[in-house]
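Survey of secondary and tertiary structure
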Amino acid sequence: EIKMPDGNIAYWENVTSPIVDHDGSITACIEIATDITERRKSEEELRKSEEKLRKSEEKFRTIAENTSDNIWIMNLDNEITFSTPAIKKITGFSPEEMCAMPLEKILTEKSCNEARSLLNYVLENEKLSPGKNSDIHTLQFEQFHKKGHIVYTEATMRLIMDNNGNMHVLGITRDITERIAAQDLQKYNEQRYRTTIDSLNEAIQVVDKNLNIVLLN
């Protein structure tokens with residue numbers, strides 16, 4: 001490490017070789033000095049990049065392992081290649097089990113068809129406008145639980161490209177089974193209420209706070 005006249009630091013690598021006479025005695029030496037400043041800068045940039053990547057991976061791992069939503073990646077052959085631990089809370093399957101399962105074992109037939117239709121649509125758009133298809137799509141799926149029942153999920157997906165130019169689907173899935181059950185219960189209660197109202201002989205009307213009629217049998 002050498003401080004140059006302009007105040008900058010330069011790095012040199014020295015290689016020294018002895019010169020010997022016919023008796024084997026060292027009479028002199030040759031020293032070769034090579035400026036390795038640019039190499040050291042490149043190594044330092046690489047070290048900083050690796051450190052940033054390590055910190056990013058740690059942050060992602062912390063988020064992935066603690067979120068209730070499942071983050072996953074699927075290739076264009078409809079194979080799950082990555083899944084976070086949250087999938088076990090949703091379906092009972094581990095990430096390793098999920099990655100080994102075909103799509104037909106993950107989703108019901110109806111949801112499989114919807115997923116494939118969306119993928120075909122996205123890929124077709126990608127062919128028409130390469131590199132510009134970054135739209136986010138949301139679908140509700142019926143997904144198999146390891147215990148045999150159906151769980152209702154909502155997946156938000158988009159097409160991504162890796163460093164090698166390969167396309168993948170990045171998705172985030174959440175369990176909406178309770179929301180679907182609440183919606184079904186609300187529909188049932190509304191229908192039962194409507195049936196009861198319609199069966200009465202008396203005229204019944206419901207008005208809001210502005211005295212607008214919102215229900216009349």
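Residues numbered from 1 in each chain as written. Predicted model: local features only at pLDDT ≥ 70, side-chain atom pairs only at ≥ 80, totals over all residues. Heavy atoms only, no water.

It is worth spelling out the nonpolar core at this point. In terms of nonpolar packing, the biggest core is built from 21 residues, with Trp72, Met74, Leu107, Met157 and Val169 touching the most fellow members. Counting residues per element, the ones that place at least two in this core are β5 (70-74), α4 (103-106), α5 (109-128), β8 (150-161) and β9 (167-175). Discounting residues that sit within four places of it in the chain, Trp72 has contacts with Ile80, Phe82, Ser83, Ala155, Met157, Val169, Leu170, Gly171, Ile172 and Thr173. (Core = buried A, V, L, I, M, F, W, Y, C linked by side-chain atoms within 4.5 Å. Buried < 20%, exposed > 50% of the residue type's maximum accessible area, 1.4 Å probe, protein only. Helix = DSSP H or I, 4+ residues; strand = E, 2+ residues; numbered from the N terminus. Contact = heavy atoms within 4.5 Å.)

On to empty space enclosed by the protein. In the structure shown here, the tally under the stated rule is one cavity of 30 Å³ or more. What lines the largest cavity is a set of 26 residues, among which Trp72, Met74, Phe141, Ala155 and Met157 lie closest to the centre. Counting only elements with at least two residues in the lining of the largest cavity, the list comes to β5, β6 (80-83), α4, α5, β7 (137-144), β8 and β9. Across the lining of the largest cavity, the residue classes tally to 17 nonpolar, seven polar and two charged. (1 Å grid on protein atoms, 1.4 Å probe; cavity = no way out; pocket = protein on both sides within 12 Å on 5 of 7 lines; lining within 4 Å. Points joined across faces, edges and corners; volume = space filled by probe spheres on them. Nonpolar A, V, L, I, M, F, W, Y, C, P; charged D, E, K, R; others polar.)

Moving on, we get to the sheet that holds β7. Taking strand neighbours across the sheet as the criterion, the five strands line up as β6-β5-β9-β8-β7 in an open arrangement whose pairing is antiparallel. Bordering the open sheet on either side are β6 and β7, each of which pairs with just one other strand. Looking at each pair of strands side by side, their axes are set apart by 30° on average, direction ignored. For β8 and β9, the ladder comprises nine bridges, and the chain directions are antiparallel. Of the residues in β9, the one forming a bridge with Ile160 is His168. (Pairing = 2+ DSSP bridges. Axes fitted to C-alpha atoms, helices over the stretch in contact; angles between N-to-C directions.)

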